[in-house]
Amino acid sequence: GAVVSQHPSRVICKSGTSVKIECRSLDFQATTMFWYRQFPKKSLMLMATSNEGSKATYEQGVEKDKFLINHASLTLSTLTVTSAHPEDSSFYICSARSLARAYQETQYFGPGTRLLVL
Amino acid sequence: QQQVKQSPQSLIVQKGGISIINCAYENTAFDYFPWYQQFPGKGPALLIAIRPDVSEKKEGRFTISFNKSAKQFSLHIMDSQPGDSATYFCAASMGTDKLIFGTGTRLQVFP
């Protein structure tokens, strides 16, 4: 149990275009979802926290107008990178947490999305 | 106070040996300490987690040792295998607050 999927697994886009990444919890309802960014050989950097039906909370330094997060249902959150530029190229990972599970603090991670902006 | 310090940065172990990764924290309000395993190009996978009311937790070949007074916790991988070669992250959180991750340890297990 506790499976989280992401789509697409990798995407290549031209500079200036927008890219949407989907994160789904497949076998549980995710009351909270998180979006991370990871650079090569580095740790995970939290970008934002989203709760179903409410606005996302962004970490300091993350542009909320550039990284749009929507948590429309208990199983789906989306991250849209607007007007992407080469510096946005990175590995984006989502995670999901459910208060209904035994370990309420546990975050289950998706497989990640590799974004390359040309 | 929000940092979690992880060491070593990289670790090379022979097959069958014990891999030990250490983490230290300062915020005594942290009450949940998970370890994640990440293979290249994949998302992190939860390995094992502990709360501060116990000093040790074992799941298969993986053991967390927790020292509340020293504010340290460590991951021990017994009988390390080449398939264990990955990057390991410790983390900490206060309740359901966000996870604070360590910097990661790249483990290589040679046959």
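Since the model is a prediction, treat every value here as computed from it, not as a measurement. (Residues numbered from 1 in each chain as written. Chains lettered and ligands numbered in written order. Predicted model: local features only at pLDDT ≥ 70, side-chain atom pairs only at ≥ 80, totals over all residues. Heavy atoms only, no water.)

1. Comments concerning the state of the cysteines
All names here are of chain A.
Turning to step 1, where the next piece is worked out: Evaluated as defined, the whole model comprises two disulfides over all chains.
Turning to step 2, where the next piece is worked out: Each sulfur of the disulfide joining C23 and C94 lies 2.0 Å from the other. In this structure the cystine formed by C23 and C94 twists about its S-S bond by roughly 80°; its chirality is therefore right-handed. Taken together, the residues span a long stretch of sequence, with C23 in strand β3 (residues 19-25) and C94 in strand β9 (residues 90-97) at a distance of 71 residues.
Turning to step 3, where the next piece is worked out: A relative accessible area of 0% places C23 in the buried class.
Turning to step 4, where the next piece is worked out: Given the relative accessible area of 0%, C94 is considered buried. (Disulfide = S-S within 2.5 Å. Helix = DSSP H or I, 4+ residues; strand = E, 2+ residues; numbered from the N terminus. Buried < 20%, exposed > 50% of the residue type's maximum accessible area, 1.4 Å probe, protein only.)

2. Quick look at the sheet that holds strand β1 (residues 4-7) of chain B
Residues and elements named next belong to chain B.
Turning to step 1, where the next piece is worked out: Read from one edge to the other, the open sheet built from five strands follows the order β1-β3-β8-β7-β6, with strand pairing classed as antiparallel. Unpaired on one side and paired on the other, β1 and β6 (56-59) mark the two borders of the sheet. Ignoring which end each strand starts from, the neighbouring axes of this sheet average 15° apart.
Turning to step 2, where the next piece is worked out: In this structure, β1 lies alongside strand β3 (residues 19-25), joined through four bridges in antiparallel fashion. Residue pairing across strands places Q6 opposite C23, the latter belonging to β3. (Pairing = 2+ DSSP bridges. Axes fitted to C-alpha atoms, helices over the stretch in contact; angles between N-to-C directions.)

3. Quick word on the nonpolar core
All names here are of chain A.
Turning to step 1, where the next piece is worked out: Grouped together as the largest cluster of nonpolar side chains are 26 residues, with contacts concentrated most on V4, F28, W35, F67, L79, Y92 and L115.
Turning to step 2, where the next piece is worked out: Every element with two or more residues in this core is listed here: β2 (10-13), β3, β4 (32-38), β5 (44-51), β7 (67-73), β8 (76-81), β9 and β11 (113-117).
Turning to step 3, where the next piece is worked out: Here L79 is in contact with V19, K20, I21, W35, F67, L68, I69 and Y92, once residues within four sequence places are set aside. (Core = buried A, V, L, I, M, F, W, Y, C linked by side-chain atoms within 4.5 Å. Contact = heavy atoms within 4.5 Å.)

4. A look at unusual backbone geometry
Turning to step 1, where the next piece is worked out: Omega for the peptide link from H7 of chain A to P8 of chain A comes to 0°, which places this bond in the cis form.
Turning to step 2, where the next piece is worked out: Residue P8 of chain B is bonded to the preceding S7 of chain B through a cis peptide linkage, with omega at -5°.
Turning to step 3, where the next piece is worked out: Within the secondary structure, P8 of chain B sits in the loop between β1 and β2 (10-14).
Turning to step 4, where the next piece is worked out: A positive phi angle, close to 45°, is found at S83 of chain A, a residue other than glycine.
Turning to step 5, where the next piece is worked out: For S83 of chain A, the position within the fold is in the loop between β8 and β9.
Turning to step 6, where the next piece is worked out: For S83 of chain A, a relative accessible area of 34% gives the class partly exposed.

5. Considering the interface of chain A and chain B
Turning to step 1, where the next piece is worked out: Opposite the 21 residues of chain A that make contact, chain B presents 21 residues.
Turning to step 2, where the next piece is worked out: Taking both partners together, chain A and chain B bury about 1,700 Å²; carbon and sulfur atoms supply 56% of that area.
Turning to step 3, where the next piece is worked out: Across the salt bridge formed by E59 of chain A and K98 of chain B, the nearest N and O atoms sit 2.6 Å from each other.
Turning to step 4, where the next piece is worked out: Applying the counting rule to chain A against chain B returns six residue pairs in polar contact (both at pLDDT 80 or more).
Turning to step 5, where the next piece is worked out: Every element with two or more residues in the side of chain A that touches chain B is listed here: β4, β5 and β9 of chain A.
Turning to step 6, where the next piece is worked out: Among the elements that line the side of chain A that touches chain B, the one with the most residues is β9 of chain A, at three residues.
Turning to step 7, where the next piece is worked out: Its residues placed into classes, the side of chain A that touches chain B shows 10 nonpolar, six polar and five charged. (Buried area = accessible area lost by both parts, 1.4 Å probe. Salt bridge = Lys/Arg side-chain N within 4 Å of Asp/Glu carboxyl O. Polar contact = N/O pair within 3.5 Å; in protein donor to acceptor, adjacent residues only side chain to side chain. Nonpolar A, V, L, I, M, F, W, Y, C, P; charged D, E, K, R; others polar.)

6. Side note on the packing of aromatic side chains
Residues and elements named next belong to chain B.
Turning to step 1, where the next piece is worked out: For the structure shown, the criterion picks out 16 aromatic pairs over all chains.
Turning to step 2, where the next piece is worked out: On the basis of an interplanar angle of 20° and a centroid distance of 6.2 Å, the ring pair of Y25 and F66 is categorised as stacked. In this pair, Y25 is assigned in strand β3 and F66 in strand β7 (residues 62-67), connecting sequence segments 41 residues apart. With respect to class, Y25 is no different from F66; both count as buried.
Turning to step 3, where the next piece is worked out: Grouping aromatic residues by their ring pairs yields a cluster made of Y25, F30, F33, W35, F66 and F73. (Phe/Tyr/Trp six-rings, centres within 6.5 Å; stacked < 30°, edge-to-face > 60°.)

7. Concerning the pairing of strand β5 (residues 45-50) of chain B
In the case of a regular strand, side chains alternate between the two sheet surfaces.
Turning to step 1, where the next piece is worked out: In this sheet, β5 of chain B lies alongside strand β4 (residues 33-38) of chain B in antiparallel orientation, the contact comprising five bridges. Across the sheet, the residue bridging to Y36 of chain B is L46 of chain B, located in β5 of chain B.

8. Topic: the pattern of salt bridges
Close approach of charged atoms allows side chains with opposite charge to pair.
All names here are of chain A.
Turning to step 1, where the next piece is worked out: In the structure shown here, the tally under the stated rule is five salt bridges over all chains.
Turning to step 2, where the next piece is worked out: Residue E22 is joined to R24 by a salt bridge in which the shortest nitrogen-to-oxygen separation is 3.5 Å.
Turning to step 3, where the next piece is worked out: E22 sits in the partly exposed class, given a relative accessible area of 24%.

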